[in-house]
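Okay, here's what each chain looks like letter by letter:
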Amino acid sequence: MAGMKDIRNIVILTGAGVSAESGIDTFRTAGGLWERYDPEEVATAQAFARDPGKLLRFYDMRRGSLDDKQPNAAHKALGKLDAEWQGEFLIVTQNVDNLHELGGAQRVLHMHGEHNSALCTSCESRTLWRGSLADRPPCPSCGDRALRPDVVLFGEMPYHMDRIHAALRGADLFVSIGTSGAVYPAAGFVRDARELGAKTLELNLDPSDGSHWFGDARHGPATEVVPHWVEEMLGE
Ligand code: OAD
């Protein structure tokens, strides 16, 4: 990538495509989750109010499917970049899996929440959670049977937006990996980053909806394009 020498602060946005080769479902690609399930039925704030059991079972199914999943070469390369990069560095992930962390990354924000966390709608405490929520277990803090997945539903505000915008303001390089660019506000980060003067790079299997906003793009499977790009960044 041209001008890499000038880059000190990096913000990376990731989406389902970075975990696809670990066997985790994407949403909008052929055979993806939103082809098999209607997000209006299982992933909106209204759906949760209407039929909480249905939504809890959907997230139980997705949480359960994580058990045997391992980070792939893309997660591991990003973990290495995090460990070795001297400047500011932040992975903002839309993914609710924990594969960035298992791949060694530490500077990670989950803007759409996490499967392995439960949020109590009664006392608002968060608890590390790996089991079912559909059978309405009591909250370990307050005892109310009011736990829900600690994930952002459509119609709810994504998490950590202040920290994400602060990181974008300081970014020299914004990289988007494995996301279709269909869901805001994440889909707008590339424009924010550009307006704030950062270089922009897309790494995706194919051009995303917002591909034309990026200054540079490389298309291919994340397990190939991401390690290759990380090697370049680390001068290897
Ligand atoms: P999508 O399923 O919309 O897009 C995944 C992107 O990854 C597509 O552009 C694919 O081409 C690309 N892709 C697939 N396999 C890949 C691979 N092996 N290597 C590289 N790229 C690959 O998923 P997201 O963009 O993450 O939100 O979806 C964004 C949000 O929509 C999700 O966080 C979720 C969903 O509804 C909520 O549930 C709130």
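Residues numbered from 1 in each chain as written. Predicted model: local features only at pLDDT ≥ 70, side-chain atom pairs only at ≥ 80, totals over all residues. Heavy atoms only, no water.

1. Section: the overall build of the chain
Here comes step 1: Along the backbone of the chain there are ten helices and nine strands.
Here comes step 2: The C-alpha radius of gyration computed for the chain amounts to 18 Å, which stays within 12% of the reference 18 Å derived for 236 residues, consistent with globular compactness.
Here comes step 3: Across its three principal directions, the C-alpha atoms of the chain cover 55 × 35 × 35 Å.
Here comes step 4: Looking at the 236 residues of the chain, the share that counts as buried comes to 53%.
Here comes step 5: Across the chain, contacts joining residues at least 24 apart in sequence account for 64% of those joining residues at least 6 apart.
Here comes step 6: Of the roughly 11100 Å² of accessible surface on the chain, a fraction of 49% belongs to carbon and sulfur atoms.
Here comes step 7: Positive and negative side-chain charges in the chain, numbering 24 and 34 respectively, have mean positions lying 3 Å apart. (Helix = DSSP H or I, 4+ residues; strand = E, 2+ residues; numbered from the N terminus. Rg over C-alpha atoms; globule rule 2.2 N^0.38 Å. Buried < 20%, exposed > 50% of the residue type's maximum accessible area, 1.4 Å probe, protein only. Contact = heavy atoms within 4.5 Å. Areas by Shrake-Rupley, 256 points an atom, 1.4 Å probe, with all protein chains shown as cover. Lys, Arg positive; Asp, Glu negative; His and termini not counted. Charge placed at Lys NZ, Arg CZ, Asp CG, Glu CD.)

2. Considering the sheet that holds strand β4 (residues 113-120)
Here comes step 1: One open sheet accounts for three strands, arranged β5-β4-β6; its pairing is antiparallel. Taken across any chain shown, the strands that pair with only one partner, and hence form the sheet edges, are β5 (126-128) and β6 (147-151). Here the average twist between neighbouring strands, direction ignored, is 45°.
Here comes step 2: As judged from the three bridges shared by β4 and β5, these two strands associate in the antiparallel manner. Paired with L119 across the bridge in β5 is R126. (Pairing = 2+ DSSP bridges. Axes fitted to C-alpha atoms, helices over the stretch in contact; angles between N-to-C directions.)

3. So, the packing of aromatic side chains
Here comes step 1: Taken as a whole and assessed by the stated rule, the structure comprises five aromatic pairs.
Here comes step 2: Consider the rings of F27 and W34, whose centres lie 5.1 Å apart with planes at 40°: the pair is tilted.
Here comes step 3: Through successive ring pairs, a cluster of aromatic residues spans F27, W34, Y37, F58 and Y59.
Here comes step 4: When the ring centre of Y159 is taken as origin, the NZ or CZ atom of R126, which lies over that ring, is 5.2 Å away. (Phe/Tyr/Trp six-rings, centres within 6.5 Å; stacked < 30°, edge-to-face > 60°. Lys NZ or Arg CZ within 6 Å of the ring centre and 35° of its normal.)

4. Points about the site of the ligand
Here comes step 1: Lining the immediate environment of the ligand, one finds 24 residues, of which A16, F27, R28, T179 and S180 sit closest.
Here comes step 2: Here R28 contributes a side-chain N or O atom positioned 2.7 Å from an oxygen atom of the ligand.
Here comes step 3: L205 is positioned such that a nitrogen or oxygen atom in its backbone is 3.1 Å from a nitrogen atom of the ligand.
Here comes step 4: For the ligand, whose unbound accessible area comes to 790 Å², protein coverage reaches 94%.
Here comes step 5: Across the shell around the ligand, the residue classes break down as ten nonpolar, eleven polar and three charged. (Near = heavy atom within 4 Å. Polar contact = N/O pair within 3.5 Å; in protein donor to acceptor, adjacent residues only side chain to side chain. Nonpolar A, V, L, I, M, F, W, Y, C, P; charged D, E, K, R; others polar.)

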